[in-house]
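Inside the fold
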Amino acid sequence: MQIGVLALQGDVAEHLHAVEACGVKALAVKKKEQLETVDGLIIPGGESTTVGKLLVKYGLDDAIRERAQAGMPVFGTCTGLILMARDIIGSEQPRLSLIDIHVQRNAFGRQVDSFEADLVIEAVGGPPPFRAVFIRAPYIESVDPGVEVLAEYKGKAVMARQEGRLVAAFHPELTGDDRVHRYFVDMVREAVG
Ligand code: GLN
């Protein structure tokens, strides 16, 4: 089993490291051919307009959609969450449209560009709560039927799942707590069978 980390921009190395910490092989994915060799894909944080354009440029948008359609689990964090959303409020930017959520970009305001919070995420176990790092983070304004909210912060959904699609508004790769990555690894294991 091998899990890919989309490597067009953003904190790729941290995700590769987190996947390996779960005892699973990790591969930086820049090309379509590499995507064919992975059983699951993580889309890291970065800048969603930039990554969205690069996805189109390299033909990776269609390739990811096809693999996801065929059952490959996909996990998007921050920019990854934005790109996976079907609706980015007030924006027409390119996206993958993989999960039925309505997302607000840079939603926590400028004065709190970056902050940390303890989240209760029952799906990944605990106590202790999960220390979550938010960086110019989006939140999920609302979800459509079929989407399960896995974590909230101040009444806003910040982690959700719809079948093989997982999204988090925060950066689970930055804290050394691998519970969220383990949760995704289990999703991939299940899909591989
Ligand atoms: N604000 C960024 C965007 O809109 C996301 C920031 C991040 O990924 N940490 O893409």
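Residues numbered from 1 in each chain as written. Predicted model: local features only at pLDDT ≥ 70, side-chain atom pairs only at ≥ 80, totals over all residues. Heavy atoms only, no water.

**Structural notes on the site of the ligand**
We apply this condition: Near is defined per residue: the residue qualifies when any heavy atom it owns lies within 4 Å of the molecule or strand. Pairs of N or O atoms are called polar contacts if they sit within 3.5 Å, as long as, within protein, a hydrogen donor faces a hydrogen acceptor (for residues adjacent in sequence, only side-chain-to-side-chain pairs). Values of accessible area rely on a 1.4 Å probe in the Shrake-Rupley scheme; residue burial ignores everything except the protein chains shown. Think of a 1 Å grid over the protein atoms and nothing else: a 1.4 Å probe that fits but is trapped marks a cavity, an open set flanked by protein within 12 Å on at least five of seven lines marks a pocket, and residues with an atom within 4 Å of a point count as lining. Whether a molecule sits in a cavity or pocket is decided by its atoms, more than half of which must lie within 2 Å of the grid points.
The environment of the ligand is made up of Gly45, Gly46, Glu47, Ser48, Cys78, Thr79, Ile82, Arg105, Asn106, Ile135, Arg136 and His171. Within the contact set of the ligand, a nitrogen atom lies 2.7 Å away from a side-chain nitrogen or oxygen of Asn106. Here Arg136 contributes a backbone N or O atom positioned 2.9 Å from a nitrogen atom of the ligand. When the ligand is considered free in solution it has 300 Å² of accessible area, and contact with the protein chains removes 96% of it. According to the grid-proximity analysis, the pocket containing the ligand is the largest pocket.

**Description of the layout of surface pockets**
The condition that has to hold: Grid points are joined across faces, edges and corners, and a volume is the space filled by probe spheres set on the points. Classification convention: Asp, Glu, Lys, Arg as charged; Ala, Val, Leu, Ile, Met, Phe, Trp, Tyr, Cys, Pro as nonpolar; all other residues, Gly among them, as polar.
One number sums up the size of the largest pocket: a volume of about 170 Å³. Among the residues forming the lining of the largest pocket, the class breakdown is 3 nonpolar, 6 polar and 3 charged.

**Regarding helix H1 (residues 12-21)**
Every α-helix carries 3.6 residues per turn, so stepping three or four residues along brings you back to the same face. Note the cut-off: Per-residue accessibility, obtained with a 1.4 Å probe over protein chains only, is compared with the maximum for each type, and a residue is labelled buried under 20%, exposed over 50%, and partly exposed between these values. The way it works is that DSSP assigns letters per residue, a run of H or I at least four long becomes a helix, a run of E at least two long becomes a strand, and they are numbered from the N terminus. In this description, one arc is meant: the one made by directions from the helix axis to the C-beta atoms. For this analysis, residues touch if any pair of their heavy atoms sits within 4.5 Å.
Among all positions in H1, only Val12, His15, Leu16, Ala18 and Val19 are buried. Taken down its axis, H1 places every buried residue within 165° of arc, on the same side. In H1, the exposed positions that point more than 90 degrees away from the buried face belong to Ala13 and His17. Tucked into the core, H1 has its buried residues touching strand S1 (2-6), strand S2 (25-29), strand S3 (40-43), strand S4 (74-77) and helix H6 (179-192). The positive-phi residue at the C-terminal boundary of H1 is Gly23, with phi of around 80°.

**Observations concerning the nonpolar core**
The line we're drawing: Joining through side-chain atoms within 4.5 Å is the link that ties buried Ala, Val, Leu, Ile, Met, Phe, Trp, Tyr and Cys residues into a set, and such a set is a nonpolar core.
Phe134, Val158, Met159 and Phe170 are the most contacted members of the largest nonpolar core, which has 70 residues in total. Broken down by element, the residue count for this core peaks at 6 residues, all from H6. What Val158 contacts, discounting residues up to four positions off in sequence, is Phe108, Leu119, Phe134, Tyr139, Ile140, Ala151, Glu152, Tyr153, Val167, Ala168, Ala169 and Phe170.

**Remarks on unusual backbone geometry**
With omega at 10°, the peptide bond leading from Gly126 into Pro127 counts as cis. Following Pro127, the chain continues into Pro128 via a peptide bond in cis, with omega recorded as 5°. Looking at where Pro128 falls in the secondary structure, it is placed in the loop between strand S7 (114-119) and strand S8 (130-135). We note that Ser97 has phi near 55°; this positive angle belongs to a residue other than glycine. Tracing the chain through its elements places Ser97 in the loop between strand S5 (85-88) and strand S6 (99-104). Positive phi is not limited to glycine here, since Arg136 has a value of about 40°. With respect to the helices, strands and loops of the structure, Arg136 is situated in the loop between S8 and strand S9 (139-143).

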